[in-house]
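Listed below are the residues making up each chain.
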Amino acid sequence: MSEPLVSRMQGFGTTIFAEMTALAVRTGAINLGQGFPDSPGPQPMLERAAAAIQGGDNQYPPGPGVPELREAVCRQRAQRYGLAYDPDGEILVTVGATEAIAAAILALAGPGDEVVVFEPYYDSYAAMIALAGAVRRPVTLRPEGGRFTFDPDELRAAVGPRTRLILVNSPHNPMGTVFTRDELEVIAALCREHDLTAVTDEVYEYLTFDGVEHVPLACLEGMRERTVAISSAGKTFSVTGWKIGWVTAPAPYVRAVQTVKQFLTFTASAPYQRAVAYALENEMAWVAELRKSLEAKRDRLITGLEAAGFTAFRPQGTYFVQADIRPLGFADGMELARALPGRAGVVAIPSQVFYDHTEAGARFLRFAFCKQDHVIDEAVARLSRLR
């Protein structure tokens, strides 16, 4: 029998997250690979979801999302960033940020179009660009001054006559970089000069550390009208399984994205949508405490990784620490990641799977710190065996 998978999706097999999670289950290793927290979200939000389910709110919500969530997202963007959107036409609720990314790329890029991405990148970006028949143009983030950033000249060189979109993930998974206003100005200038659309993945917008500010690209001059911004509740409220995301963009972009989205899932999760609407309005103090807790967990993990012999980079946001494996005598992150559960009883993600230029990421492992303190402590104690 011939290969049933269409050619443009060949090479996209089981995700690295599924592989490593299965390895953790099989070996009993501590899973610091997949980025999901092991503590619940704010209790009043959870209670509202349960009450909505028990109250019978279990049928299709409106296609664009329930009105109270669209209105809450609008207020959030206005109060936090000074960005005004219309809840009736400029907000679209999606099944998590992953669906929003998929629908946006499929709606806005077609065969032969080029999409600029910063590598390493969230793995769905490459799959969706391929599914759209488009071509990705990676720009590599490299270590500089203790964080990861891009070369503006490399970014300019990646933009050509067929470029349609620039995908911007800040705070950045997996590198933890929060792009500065100056870095964003470079991106914005290219968008304005070449009439490009920016798709921004901002799911970690609240989870920044050390006083670092997240600046949405849409805040910059001339960018609100050409930016499709994506965020979600999963990371903000520690409910990754709820899959409640949203798009904020000018109405023509929202109509384009919804045209695709309606044939992916149509709509979903009315009780969770209403609970998230409540949380956006009432649980920001809880989110502030979460951020402080994650900052402490980050520092806890970095201390342990460095004691175990890794060189660790201090992320400015997200759930993840990048660790250089070379001080321990290793050179291939994929090889070490597959051996690590047996050697140390810990699972991590090899960063090279998020690169086109895999050699640029071969020396890094990604460790998640969105775990309880005793889990982090046990993991770093096990990792000390590598010395």
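Every chain is numbered independently, its residues counted from 1 as its sequence is written. pLDDT decides what is reported in this predicted model: residues at 70 or higher carry local features, side-chain atom pairs at 80 or more are listed and counted, and totals for whole chains, interfaces and linings draw on all residues regardless. Heavy atoms throughout the structure, all of them, feed into the side-chain values; hydrogens and water do not.

Attention now moves to the pattern of salt bridges. For this analysis, a salt bridge means a side-chain nitrogen from Lys or Arg found within 4 Å of a carboxyl oxygen belonging to Asp or Glu. Counting across every chain of the model gives 27 salt bridges. Of the charged contacts, one joins Glu202 and Arg77 as a salt bridge, the two residues approaching to 3.4 Å between their closest N and O atoms. With Glu202 in the loop between strand 8 (197–201) and strand 9 (227–232) and Arg77 in helix 3 (residues 67–81), the pair connects residues that are 125 residues apart, well separated along the chain. There is no split in this pair, since Glu202 and Arg77 are both buried. Salt bridges here are not isolated pairs; linked through shared partners, they connect Asp210, Arg298, Asp299 and Arg314. Counting from the N terminus, the helices are DSSP H or I runs at least four residues long and the strands are E runs at least two residues long. Residue burial is assigned from relative accessible area. The probe radius is 1.4 Å, only protein chains are included, and a residue is buried under 20% of its type maximum, exposed over 50%, and partly exposed in between.

Soluble, globular proteins show a tendency: their nonpolar side chains are buried together. Only buried residues count toward a nonpolar core, which is a set of Ala, Val, Leu, Ile, Met, Phe, Trp, Tyr and Cys residues joined through side-chain atoms within 4.5 Å. The biggest cluster of nonpolar side chains holds 107 residues, and the ones touching the most others in it are Leu69, Phe310, Phe367 and Leu383. It is helix 4 (residues 96–108) that contributes the most residues to this core, 8 residues altogether. Boundary definitions for the domains trace back to an automatic or database domain assignment. Among the domains, domain 1 (7–41 + 285–386) and domain 2 (43–282) are the pair contributing at least three residues each to this core. Two residues qualify as a contact provided that any one of their heavy atoms is within 4.5 Å of a heavy atom in the partner residue. Those residues in contact with Leu383 that lie beyond four places of it in its chain are Leu305, Ala308, Phe310, Leu340, Ala344, Val346 and Phe367. Among the nonpolar cores identified, the runner-up in size contains 28 residues, and Phe150, Leu155, Leu184 and Cys191 belong to it.

Below, the discussion takes up helix 4. Expected span of a helix: the number of residues minus one, times 1.5 Å. In a regular helix each residue adds 1.5 Å, so 13 residues correspond to 18 Å; helix 4 covers 19 Å between its end C-alpha atoms and thus fits that length. Burial analysis of helix 4 places 10 of its 13 residues in the buried class, the great majority of the element. Looking at helix 4, one finds that the buried residues are Gly96, Ala97, Glu99, Ala100, Ile101, Ala102, Ala103, Ala104, Ile105 and Leu108.

Attention now goes to the domain arrangement of the protein chain. Domain boundaries in the protein chain define domain 1 (7–41 + 285–386) and domain 2 (43–282). Here the C-alpha centre of domain 2 lies 24 Å away from the C-alpha centre of domain 1. In this assembly, 37 residues from domain 1 lie in contact with 40 residues from domain 2. The term buried area means the drop in 1.4 Å probe accessible area that two parts suffer when joined, counted for both and summed. Both sides of the domain 1 and domain 2 interface together cover about 3,400 Å² of buried area, and 61% of this is carbon and sulfur. Three residues, Gln316, Thr318 and Phe354, lead the burial of domain 1 against domain 2; their summed loss comes to 21% of the area buried on that side. Taken together, the connections running from domain 1 to domain 2 amount to 2 salt bridges. Notably, a salt bridge pairs Asp210 with Arg298, separated by 2.8 Å at the nearest N-O pair. Polar contacts, as counted here, are pairs of nitrogen or oxygen atoms within 3.5 Å of one another; within protein the pair requires one atom able to donate a hydrogen and one able to accept it, and residues that are adjacent in sequence qualify only if both atoms are side-chain atoms. Inspection of the domain 1/domain 2 interface yields 17 residue pairs in polar contact (both at pLDDT 80 or more). Contributions of two or more residues to the side of domain 1 that touches domain 2 are made by helix 10 (284–308), strand 12 (320–324) and strand 15 (364–368). Of the residues forming the side of domain 1 that touches domain 2, the biggest block, 7 residues, is contributed by helix 10. Under the scheme applied, nonpolar residues are Ala, Val, Leu, Ile, Met, Phe, Trp, Tyr, Cys and Pro; charged residues are Asp, Glu, Lys and Arg; polar residues are all the others, including Gly. Here the side of domain 1 that touches domain 2 is composed, by residue class, of 19 nonpolar, 10 polar and 8 charged.

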